[in-house]
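Overview (structure and organization)
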Amino acid sequence: MNANSLEQVLREDIRALSPYPVSERTGLVLLDAMENPHPLPETLQAEIAQLVSHAAINRYPDSQSVRLKERLRDAMDISSELGIMLGNGSDELIQIIALAVAKPGASLLTVEPAFVMYRMIASYAGLRYTGVQLGANFALDVEAVIAAIEQNQPALVFVAYPNNPTGNLFDRDGMTRIIQAAPGLVVIDEAYHIFAQQTFVPLLAEIPNLLVLRTLSKLGMAGLRLGFLVGRGDWLAQLEKLRLPYNVNVLTQIVAEKLLQHMDVLRVQAREINSQRDQLYAELSELPSVRAYPSDANFILFRVTQADEVFEGLIKRGVLIKNLNRSHPLLKNCLRVTVGTAQQNQMFMQALKQSLIP
Ligand SMILES: *Cc1c(COP(=O)(O)O)cnc(C)c1O
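Residues numbered from 1 in each chain as written. Predicted model: local features only at pLDDT ≥ 70, side-chain atom pairs only at ≥ 80, totals over all residues. Heavy atoms only, no water.

Asp189, Tyr192, Thr215, Ser217 and Lys218 are the nearest of the 14 residues found near the ligand. Tyr192 places a polar side-chain atom, nitrogen or oxygen, 2.6 Å from an oxygen atom of the ligand. Protein chains shield 93% of the accessible area of the ligand, which is 390 Å² for the free molecule. Its residues assigned to classes, the shell around the ligand comprises 5 nonpolar, 5 polar and 4 charged. (Near = heavy atom within 4 Å. Polar contact = N/O pair within 3.5 Å; in protein donor to acceptor, adjacent residues only side chain to side chain. Areas by Shrake-Rupley, 256 points an atom, 1.4 Å probe, with all protein chains shown as cover. Nonpolar A, V, L, I, M, F, W, Y, C, P; charged D, E, K, R; others polar.)

Now the structure itself:
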């Protein structure tokens, strides 16, 4: 045997990648990953326990998730004219879309800073990548995006609405102009829809190359891993060929079906998170050495003078947020806090005040 080394066997671009960063999280107040901090009501927990104990985990799941899709249509108000495709988290759907368009030389275009998975997945799929910088206050630079679209002719455009990690909703007319200028597929990522209540779903009927991506992660089910793509049936039928047959497991299907019948509970939690966000934003804005950016999502981006020291100071005091310093030039000294419960937010504010360098 004359086995080749890892370097000889693996793709060079994969070896050059840094893994998606995930922090050590035990024993900390977790305000780093846009999770819903509220537990489910006990009655609902009991119903789920009952369902799970009877689940047919010896059987493969329904590969079409027929019942779950019906529940999604009802809960999210999606008309029967539109198709739905499910993913193991919306990350998986981003990957499927990228693989589907990855002809030699094809490219993915997005804005920057944006959700880091767009760039990573472009790289997995071998797509060229173009990131167009956002303008002042992280607003969309529509002219720059349109110029980059004309120059690169991207097969795929991704825009998150609201944007992560900046939290803002981009100008709607600007978005529409970008959608119309794009020659390939445009995916609007509405991961934070429950908080922002703004959507491009109505445009799906008019614009054939548009898809809308959503997830259950940010509305209280991050552990289930369920994302979905809404769009025209002809596009989704093609993308379905790349979906692994049993990507949504039995337990995810039954628990999500149950919770989607209780959207009232999740909506109340989202409203509470929105009101906590507004309060947290007001408190952050009062601190002289902090610049907080307005958010329509369940997190707030803010800038300090020495982000690394503040981030470490928060960890020392038991609070984990996200350090975005060095993740992008426009995010120098920026941190991102996920909105927690009133009590968690208070702990965060106290720890922040103690960690700020005057
Ligand atoms: C969190 C997030 C996702 C990922 O969601 P999953 O369904 O948990 O994979 C996708 N897009 C954006 C913009 C996000 O912030």
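This next bit is on the environment of Arg11. For Arg11, the location among the structural elements is in the loop between helix 1 (6-9) and helix 2 (12-16). Taking C-alpha positions, Arg11 is 9.9 Å from Tyr124, a pair spaced 113 residues apart along the chain. Contact partners of Arg11, with chain neighbours within four places excluded, come to Ser123 and Tyr124. A distance of 3.1 Å separates a polar side-chain atom of Arg11 from the backbone oxygen of Tyr124. (Helix = DSSP H or I, 4+ residues; strand = E, 2+ residues; numbered from the N terminus. Contact = heavy atoms within 4.5 Å.)

A word on the packing of aromatic side chains. Summed over all chains, the structure comprises 7 aromatic pairs. Where Tyr161 meets Phe200, the ring centres are 4.9 Å apart and the plane angle is 70°; that geometry is what we call edge-to-face. A residue pair is termed long-range when its members are at least 10 positions apart, and Tyr161 in the loop between strand 5 (156-160) and helix 8 (172-181) and Phe200 in the loop between helix 9 (193-196) and strand 7 (210-215) qualify at 39 residues. Each member of the aromatic cluster is reached from another via a ring pair, and the members are Phe115, Tyr118 and Phe158. The ring centre of Phe200 lies 4.1 Å from the NZ or CZ of Arg172, which sits over that ring. (Phe/Tyr/Trp six-rings, centres within 6.5 Å; stacked < 30°, edge-to-face > 60°. Lys NZ or Arg CZ within 6 Å of the ring centre and 35° of its normal.)

What follows concerns the domain arrangement of the protein chain. According to the domain assignment, the protein chain contains domain 1 (5-41 + 264-355) and domain 2 (58-261). Between domain 1 and domain 2, the C-alpha centre-to-centre distance is 23 Å. At the junction of the two partners, domain 1 supplies 33 residues and domain 2 supplies 31 residues. Where domain 1 abuts domain 2, roughly 2,500 Å² becomes buried across the two surfaces, and 65% of that area is made up of carbon and sulfur atoms. On inspection of domain 1 and its partner domain 2, the count reaches 0 salt bridges. For the interface between domain 1 and domain 2, the tally reads 8 residue pairs in polar contact (both at pLDDT 80 or more). Elements represented by at least two residues in the side of domain 1 that touches domain 2 include exactly helix 12 (263-286) and strand 10 (299-303). If one sorts the elements of the side of domain 1 that touches domain 2 by residue count, helix 12 sits on top with 7 residues. When its residues are assigned to classes, the side of domain 1 that touches domain 2 shows 17 nonpolar, 6 polar and 10 charged. (Domains from an automatic or database assignment. Buried area = accessible area lost by both parts, 1.4 Å probe. Salt bridge = Lys/Arg side-chain N within 4 Å of Asp/Glu carboxyl O.)

Once that is clear, we can look at the nonpolar core. Formed by 122 residues in total, the largest nonpolar core has its most connected members in Phe302 and Phe348. Split by domain, this core shows at least three residues from each of two domains, domain 1 (5-41 + 264-355) and domain 2 (58-261). (Core = buried A, V, L, I, M, F, W, Y, C linked by side-chain atoms within 4.5 Å. Buried < 20%, exposed > 50% of the residue type's maximum accessible area, 1.4 Å probe, protein only.)

Once that is clear, we can look at the environment of His38. Looking at where His38 falls in the secondary structure, it is placed in the loop between strand 1 (29-30) and helix 3 (42-53). Of the residues examined, His38 reaches a relative accessible area of 22% and is grouped as partly exposed. Measuring from C-alpha to C-alpha, the distance between His38 and Glu272 comes to 9.7 Å, with 234 residues separating the pair along the chain. Setting aside residues up to four positions removed in sequence, His38 forms contacts with Gln269, Glu272, Ile273 and Thr341.

The next thing to look at is the sheet that holds strand 13 (residues 334-338). Strands sit in the order 9-10-13-12 across an open sheet of 4 strands; the sheet is antiparallel. In the strand order of this sheet, the two ends are held by strand 9 (291-292) and strand 12 (322-323), each with one partner. Those strands touched by helix 12 are strand 9, strand 10 and strand 13, and its axis lies near 10° from that of strand 10. (Pairing = 2+ DSSP bridges. Axes fitted to C-alpha atoms, helices over the stretch in contact; angles between N-to-C directions.)

To continue, consider a nonpolar patch on the surface. Nonpolar side chains collect at one region of the surface, where Leu51, Val52, Ile57 and Leu251 lie side by side and expose about 320 Å² of accessible area between them. Tracing the backbone shows Val52 in helix 3. Val52 sits in the partly exposed class, given a relative accessible area of 33%. (Patch = residues over 30% accessible without salt bridge, like charges linked within 9 Å, V, L, I, M, F, W, Y side chains within 5 Å.)

On to the packing of helix 4 (residues 66-76) against helix 11 (residues 250-260), then. It is the contact of helix 4 with helix 11, at a shortest axis distance of 9 Å, that shows an interaxial angle of 25°. As far as their axial angle goes, helix 11 and helix 4 are roughly parallel. In the crossing of helix 4 with helix 11, the sense of the turn from one axis to the other is left-handed. Residues Arg67, Leu68, Arg71, Leu72, Ala75 and Met76 of helix 4 lie in contact with helix 11, whose contacting residues are Gln253, Ala256, Glu257 and Leu260. In terms of residue class, the contact of helix 4 with helix 11 is made up of 6 nonpolar, 1 polar and 3 charged. (Parallel < 35°, antiparallel > 145°, perpendicular 65-115°, else oblique. Left-handed = near helix turned anticlockwise from the far one by under 90°.)

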